[in-house]
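# Inside the fold
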Amino acid sequence: VCSERRALIIRPGSVAKRRNVSPAVRAGVLGWERIGIIPYSSSTSVVPMNGTSNLLVRSSLAMSSTRKLTVVQILPALEGGGVERGVLEVAEALVRAGHRSLVISAGGRMVDELTRQGSEHFMCNLGSKSPLTLRHIPWLRRFLKEHNVDLIDAHSRMPAWISLMTWKTMSKATRPAFLTSMHGLHSVGFYSSVMCRGERVIAVSQTLYDHIREHYSFVPPDRLDLIHRGIDSKDYPRGFQPDQSWR
């Protein structure tokens, strides 16, 4: 049974001291700004990709400095990995911009870090590759309505299928925008194609962008965005050399 209980909730305004924006978080802000999710601010020290203005996911999401969004990111779990780290960085960027950041997963050791940043975590296993996972569709539909979600970002195949099927049962006039972020070279086929069925599709590398263009030609170029993931240079400094004990 999915639960809306959280280990910890920290509202954006209640986080005491925040460190300077890391390069990775800046990359997250840049990527979302490019598709019109976060309004560009000169304080982030980044500029739009290709010198372009915002590319909107939906015209109804046109942003102003006072428009605050509720964004839910959905993935299998938060134990660790590149997908999970990217979700945390986008979540932190959303909170810093004053938006409400929600994450649905089966939990894991990164939940505490997520909630300390100001996001809200909701426990639900939408990543299990079982027909029983379909039973969560009514719960997710209620969740999206009750929390007035503006945008869904699905980061994995089974969560994307559940999100897509839920989204299709909602009114076109009021349902959230639906975004998919593709992180890996999945086996080519119908099951994996869900990662290309968002209203906008994000490829996190040039390799993935080319993979989508080659194998999922139904995705028009104007729906596909290349947004490279960043890294925090404080955690991964250029030219780092391990000490002798690691050799």
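That block above? That's the structure.
Attention here is on the structure that accompanies the text. Every residue gets a number counted from 1 within its own chain, in the order that chain's sequence is written. Residue-level local features of this predicted model are given only where pLDDT is at least 70; pairs of side-chain atoms are given and counted only at 80 or more, and the full residue set underlies all totals for whole chains, interfaces and linings. Side-chain descriptors were evaluated using all non-hydrogen atoms of the structure, hydrogens and water having been removed beforehand.

## Here we look at helix 6 (residues 206–215)
The classification of residues rests on relative accessible area computed with a 1.4 Å probe and restricted to protein chains. Under 20% of the type maximum is buried, over 50% is exposed, and intermediate values are partly exposed. Every helix listed is a DSSP run of H or I at least four residues long, and every strand listed is a run of E at least two residues long, numbered separately from the N terminus. Every buried residue of helix 6 is listed here: L208, H211 and I212. Taken around the axis of helix 6, the buried residues stretch over an arc of 95°, which confines them to a single face. Structurally, helix 6 contributes buried residues whose contacts are with strand 5 (177–182), strand 6 (200–203) and strand 7 (224–226). Working note: the arc is built from the helix axis to C-beta atom directions. What makes two residues a contact is simply this: any of their non-hydrogen atoms within 4.5 Å.

## Quick notes on the sheet that holds strand 6
One bridge is not enough; two strands pair if DSSP finds at least two bridges between them. Taking strand neighbours across the sheet as the criterion, the 7 strands line up as 3-2-1-4-5-6-7 in an open arrangement whose pairing is parallel. If you trace the sheet from one side to the other, it starts and ends with strand 3 (120–123) and strand 7, each paired once. Across the sheet, the axes of successive neighbouring strands diverge by a mean angle of 20°, strand direction being ignored. Here helix 5 (residues 157–168) sits on the sheet in contact with strand 1 (70–74), strand 4 (151–154) and strand 5, set at roughly 165° to strand 5. As a rule, the C-alpha atoms of each element are fitted with a line to give its axis, helices using only the stretch in contact, and angles between N-to-C directions run from 0 to 180 degrees.

## Considering the pairing of strand 5
Taking burial as the measure, the 6 residues of strand 5 include 6 buried ones, the bulk of the element. Side chains A177, L179 and S181 of strand 5 all project onto a buried face; the interleaved residues F178, T180 and M182 project onto the opposite face, where all are buried too. Relative to strand 5, strand 4 runs parallel, the two sharing 4 bridges. When the bridges of strand 5 are listed, A154 appears paired with T180. With 4 bridges joining them, strand 5 and strand 6 adopt parallel strand pairing. In the sheet register, L179 faces strand 6, and the bridge partner there is R200.

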